[in-house]
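These are the residues of each chain, in order.
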Amino acid sequence: MAIVTLIIDMQVDFFAHELLSKQRAELVARTNSLVAVARESAAFVVWIKQEFSPDLSDATLEVRNRMINVVIAGTPGASILPELDVRPSDRVLVKKRYSAFFGTNLDALLAQLNCTQLIVGGINTHACVRTTVVDAYQRDYAIILASDCIASHDKEHHDVTWRYMDGKFGRGMTNEQIAAWLAQVPPNNSVGDFPSIPRA
């Protein structure tokens, strides 16, 4: 069994939104703290990023219809925030839609890693985080929602979505709570039973 930490869409273009721009430094620091704790506990780290081709032929319907030049492959805006601690040992997966499972090899990767538990962070709460979490829940993964590392450019939708997800699809936990939980995981998180995820 293994634990995998998914960090979703922490990319330059998405932080052009005013609310996320104001949260950038804090979100980066908290996300770096989370992945550091994950690595110490031998939990795999997977960075998920959205990318579209320059002609938008593979983009979502809204992006194509409105000709929104966002996260274009090969541009600085599609890059993961440079302040984030992405390591060569981490995995990076590219998606074309909200869910990290849709049209990617995430299912195969999680099976290869023998994953049963997910820790999820990233943006935006109401869009890519939510759809990824729902798809993970439907695949019977136990999910920790990294509350210090999940945010949105829309506070109202963030709050509503958080209330919907926490306690239904997963359990919201702070970095401190996640670190305490991971400290109980057997060495190399590959043998024995995981401790139960605390309930709200």
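Scroll up to find the structure this text is about.
Residues numbered from 1 in each chain as written. Predicted model: local features only at pLDDT ≥ 70, side-chain atom pairs only at ≥ 80, totals over all residues. Heavy atoms only, no water.

(A) Spotlight on the overall build of the protein chain. Along the backbone of the protein chain there are 6 helices and 6 strands. Reading the protein chain from its N end, one meets helices and strands in the order β-α-β-α-β-α-β-α-β-α-β-α. Separation between the mean location of the 19 positive side-chain charges and that of the 22 negative ones in the protein chain comes to 2 Å. (Helix = DSSP H or I, 4+ residues; strand = E, 2+ residues; numbered from the N terminus. Lys, Arg positive; Asp, Glu negative; His and termini not counted. Charge placed at Lys NZ, Arg CZ, Asp CG, Glu CD.)

(B) Region of the structure containing the environment of R66. Considering the arrangement of structural elements, one finds R66 in helix α2 (residues 61-66). Within polar-contact distance, the side chain of R66 engages the side chain of E62 at 2.7 Å. (Polar contact = N/O pair within 3.5 Å; in protein donor to acceptor, adjacent residues only side chain to side chain.)

(C) View of the nonpolar core. Core analysis: the biggest nonpolar cluster contains 36 residues, and M10, F52, I119 and I178 have the highest contact counts within it. Within the residue set of this core, elements represented by two or more residues are β1 (2-8), α1 (18-40), β2 (44-50), β5 (142-150) and α6 (175-182). Looking at this core, the element that brings in the most residues is α1, giving 6 residues. Apart from the residues within four sequence positions on either side, I119 is in contact with I3, V4, T5, L6, L34, I144, A146, I178 and L182. Formed by 26 residues, the second largest nonpolar core is a distinct cluster that contains C115, L118, V133 and A136. (Core = buried A, V, L, I, M, F, W, Y, C linked by side-chain atoms within 4.5 Å. Buried < 20%, exposed > 50% of the residue type's maximum accessible area, 1.4 Å probe, protein only. Contact = heavy atoms within 4.5 Å.)

(D) Examining the pairing of β2 more closely. Where burial is concerned, most of β2 is hidden: 6 out of the 7 residues are buried. When β1 meets β2, the two strands line up parallel, connected through 5 bridges. What sits directly across from I8, in β2, is I48. Where the polypeptide runs from β1 across α1 and back to β2, its parallel neighbour, the crossover connection is right-handed. (Pairing = 2+ DSSP bridges. Right-handed = clockwise from strand over helix to strand, strands pointing away.)

(E) Here's a closer look at the side chain of N175. Residue placement: N175 occurs in helix α6. The exposure class of N175 is buried, given its relative accessible area of 12%.

(F) Quick peek at unusual backbone geometry. Backbone torsion omega between I123 and N124 reads -20°, so that peptide bond is classified as cis. Inspection of the secondary structure puts N124 in the loop between β4 (115-122) and α4 (125-138). A positive phi angle, close to 60°, is found at A42, a residue other than glycine. Overall, the relative accessible area of 32% leaves A42 in the partly exposed class. The phi angle at L56 is positive, at roughly 65°, despite the residue not being glycine. Its place among the elements puts L56 in the loop between β2 and α2. Residue L56 is classed as buried on the basis of its relative accessible area, which comes to 1%.

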